[in-house]
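The chain contents come next:
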Amino acid sequence: MSGTDRAAVVAGVGAWVPPAVVTNEALAERLDTSDEWIRSRTGIRRRHVIAPGGATSDLAVEAGRRALESAGADDADVVVVATSTPDRPCPATAPEVASRLGLTGVAAFDVAAVCTGFVYALGVAGGMIASGFARTALVIGADTFSTILDPLDRTTRAIFGDGAGAVFLRAGRPTEPGALMGLRLGSDGTRSELIEVKAGGSRQRSTGLPARDRDTYFRMEGRPVFAHAVRRMATSVRATAAEVGWAPADIHRVVLHQANARILAAVAEQIDVPAECFPSNIDRVGNTVAASVPLVLADACVSGELSPGQRIVLGGFGGGLTWGSVALVWPDVTAIRSDAAPVSPSPTDY
Ligand code: COA
């Protein structure tokens with residue numbers, strides 16, 4: 001997106017998580033796990049889950065509304081929802097989200113790149129703005145993995161949570177704060193089996209019969225995914241920084257997908273940027289998939305960890321495998337991050 005006189009510029013940030021909070025202790029009452037194991041292996045203390053009957057669009061609308069408010073905008077030319085848990089396999093979730101935000105008639109579509117989904121969506125929407133197709137775009141990352149986890153799988157249940165985050169983009173100059181620069185996206189489909197839901201797509205169709213085994217649930221091979229996540233995010237962030245002319249010492253903040261606190265520490269070491277420069281909210285929300293990057297962006301903005309003028313790199317890694325990163329100088333925006341009061345769900349509701 002650099003090299004022209006027009007760029008996509010971040011002009012608003014918003015995020016939302018559902019009120020139901022599941023602590024490690026609550027999980028340990030139902031699964032063979034412990035608060036100590038989850039905290040020491042992942043950094044996670046709790047996660048939020050959607051209420052029964054809720055869906056991804058509900059979260060996306062809340063986050064989208066907050067990003068519009070943050071930008072002082074009441075419309076957008078394009079609405080992109082990054083998600084791997086759409087309300088239904090068909091149609092996309094974005095048109096419904098757009099309409100519920102009062103944006104019926106605009107271009108609206110989903111992007112599926114699992115935990116890298118938001119970075120991919122930023123790339124697509126940013127490119128539409130840079131090309132002159134659109135003046136503004138609302139880019140939302142939203143996922144409800146609690147709806148596709150195996151209730152008996154302690155590994156995935158400990159990690160994932162539900163949430164949504166969003167960024168509002170407008171057309172601007174490549175040299176102004178907030179302009180997206182040095183975008184890099186990548187994939188390796190030879191390792192798609194490491195993170196997958198086997199059933200429900202064209203490869204393993206719905207038969208109308210009860211689902212075979214646990215094929216409708218999400219599954220992940222944690223250990224190899226960990227290694228790929230560290231290597232791919234470190235390489236991608238380093239390359240993006242180099243492309244925009246930043247040495248490691250020039251980077252003020254690295255805002256990464258929140259998959260595991262140990263992954264953040266390992267990437268910090270590999271790219272030679274202090275771990276304190278990596279904002280994190282994983283203790284409070286877990287891995288929220290496509291919502292993760294905009295959610296930690298919003299939290300870091302509200303906490304003051306991000307301030308105008310800082311040089312930051314955003315990065316993600318996820319199923320596919322997919323990865324990506326983008327650089328920007330943080331603009332003067334006020335993130336809107338207001339949640340409902342937390343509640344404890346009934347054990348049968350998660
Ligand atoms: N509570 C207690 N024990 C658990 C557990 C839990 N919640 N989850 C796994 N274990 C057990 C395993 O069953 C295994 O037991 P075993 O040795 O008896 O077989 C042991 O802990 C070690 O399992 P392993 O998978 O090797 O643990 P790990 O240290 O790699 O941590 C993850 C597991 C999932 C936390 C870690 O691999 C991870 O974060 N992976 C990357 C996830 C990611 O990046 N996702 C991004 C894309 S979405």
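Residues numbered from 1 in each chain as written. Predicted model: local features only at pLDDT ≥ 70, side-chain atom pairs only at ≥ 80, totals over all residues. Heavy atoms only, no water.

### Observations concerning the overall build of the protein
- When its secondary structure is counted, the protein shows 10 helices and 13 strands.
- Against the compact-globule benchmark of 20 Å for 350 residues, the protein has a radius of gyration of 19 Å, which places it among compact chains.
- With the principal axes as the frame, the protein shows a C-alpha extent of 55 × 45 × 40 Å. (Helix = DSSP H or I, 4+ residues; strand = E, 2+ residues; numbered from the N terminus. Rg over C-alpha atoms; globule rule 2.2 N^0.38 Å.)

### Some points on the packing of helix H7 (residues 222-243) against helix H8 (residues 261-271)
- In contact at an axis separation of 9 Å, H7 and H8 are set at 40 degrees when each is read in the N-to-C sense. What the angle tells us is that H7 and H8 run oblique. Considering the relative orientation of H7 and H8, their crossing is right-handed. Seen from H7, the contacting residues are Phe226, Ala229, Val230, Met233, Ala234, Val237 and Arg238; seen from H8, they are Arg262, Ile263, Ala266, Val267, Gln270 and Ile271.
- The residue makeup of the contact of H7 with H8, split by class, is 10 nonpolar, one polar and two charged. (Axes fitted to C-alpha atoms, helices over the stretch in contact; angles between N-to-C directions. Parallel < 35°, antiparallel > 145°, perpendicular 65-115°, else oblique. Left-handed = near helix turned anticlockwise from the far one by under 90°. Contact = heavy atoms within 4.5 Å. Nonpolar A, V, L, I, M, F, W, Y, C, P; charged D, E, K, R; others polar.)

### Remarks on the pairing of strand S13 (residues 322-329)
- Within S13, seven of the eight residues are buried, leaving the element largely enclosed by the surrounding structure.
- Bridging between strand S8 (residues 181-187) and S13 involves five bridges; their strand directions are antiparallel. Bridge pairing links Ser187 to Thr322 in S13.
- A loop of three residues connects strand S12 (residues 311-318) with S13, the two strands running antiparallel in sequence, and Gly320 in this loop sits at a positive phi of about 135 degrees. (Buried < 20%, exposed > 50% of the residue type's maximum accessible area, 1.4 Å probe, protein only. Pairing = 2+ DSSP bridges.)

### Observations concerning the sheet that holds strand S7 (residues 163-172)
- Taken in spatial order, the five strands of this open sheet run S1-S7-S6-S4-S5, and their pairing is mixed. Each edge of the open sheet is held by one strand with a lone partner, namely strand S1 (7-16) and strand S5 (107-111). The average angle at which neighbouring strand axes cross in this sheet is 20 degrees, direction not considered.
- As paired elements, strand S4 (residues 78-82) and strand S6 (residues 136-143) share five bridges and run parallel to each other. Bridge assignment links Val79 to a residue of S6, and that residue is Leu138.
- Docked against the sheet, helix H5 (residues 117-130) engages S1, S4, S5, S6 and S7, running at close to 170 degrees with respect to S6.

### Description of the site of the ligand
- Taken together, 21 residues lie near the ligand, and Thr33, Arg41, Arg154, Arg223 and Asn260 sit nearest.
- For the ligand, an oxygen atom lies 2.8 Å from a polar atom in the side chain of Arg154.
- Compared with its free state, where it exposes 960 Å², the ligand has 75% of that area covered by protein.
- More than half of the atoms of the ligand fall within 2 Å of the grid points belonging to the second largest pocket. (Near = heavy atom within 4 Å. Polar contact = N/O pair within 3.5 Å; in protein donor to acceptor, adjacent residues only side chain to side chain. Areas by Shrake-Rupley, 256 points an atom, 1.4 Å probe, with all protein chains shown as cover. 1 Å grid on protein atoms, 1.4 Å probe; cavity = no way out; pocket = protein on both sides within 12 Å on 5 of 7 lines; lining within 4 Å. Sits in = over half its atoms within 2 Å of the grid points.)

### Notes on the domain arrangement of the protein
- Structurally, the protein comprises domain 1 (3-176) and domain 2 (181-329).
- Relative placement of domain 1 and domain 2: their C-alpha centres are 13 Å apart.
- If you look at the interface, domain 1 gives 46 residues, while domain 2 gives 44 residues.
- For domain 1, the biggest contributors to the area lost against domain 2 are Cys115, Val119 and Tyr120; these three give 17% of the whole.
- Scanning the region where domain 1 abuts domain 2 turns up zero salt bridges.
- Along the contact surface separating domain 1 from domain 2 lie 13 residue pairs in polar contact (both at pLDDT 80 or more).
- Going through the elements one at a time, S1, helix H2 (35-42), strand S3 (46-49), H5, S6, helix H6 (154-159) and S7 are the ones with two or more residues in the side of domain 1 that touches domain 2.
- Grouping the constituent residues of the side of domain 1 that touches domain 2 by class yields 26 nonpolar, 13 polar and seven charged. (Domains from an automatic or database assignment. Buried area = accessible area lost by both parts, 1.4 Å probe. Salt bridge = Lys/Arg side-chain N within 4 Å of Asp/Glu carboxyl O.)

### Brief notes about the sheet that holds strand S11 (residues 253-256)
- Overall, mixed pairing links the four strands, which are arranged S8-S13-S12-S11 in an open sheet. In this open sheet, the two edge strands, each paired with only one partner strand, are S8 and S11. Taking each pair of neighbouring strands and ignoring which way they run, the sheet shows an average axis angle of 15 degrees.
- With four bridges joining them, S11 and S12 adopt parallel strand pairing. Within S12, the residue paired with Val255 across the bridge is Leu314.

### Remarks on helix H10 (residues 292-303)
- Spanning 12 residues, H10 covers 16 Å between terminal C-alpha atoms, matching the ideal 16 Å at 1.5 Å per step.
- Burial runs high along H10: 10 of the 12 residues are buried.
- Taken as a whole, H10 has its buried residues at Ser292, Val293, Pro294, Leu295, Val296, Leu297, Ala298, Asp299, Ala300 and Cys301. (Expected span 1.5 Å × (residues − 1).)

### Considering the nonpolar core
- Ranked by size, the top nonpolar core spans 48 residues in total, and within it Phe145, Val254, Leu256, Val267, Ile271 and Phe278 carry the most contacts.
- Residue contributions to this core peak at seven residues, all from H7.
- Both domains that meet at this core, namely domain 1 (3-176) and domain 2 (181-329), each give it at least three residues.
- Every residue in contact with Phe145, bar those within four places of it in the chain, is listed here: Ser84, Thr85, Val114, Phe160, Asp162, Phe218 and Val289.
- Residues Val13, Val167, Cys301 and Trp330 belong to the second largest nonpolar core, which totals 41 residues. (Core = buried A, V, L, I, M, F, W, Y, C linked by side-chain atoms within 4.5 Å.)

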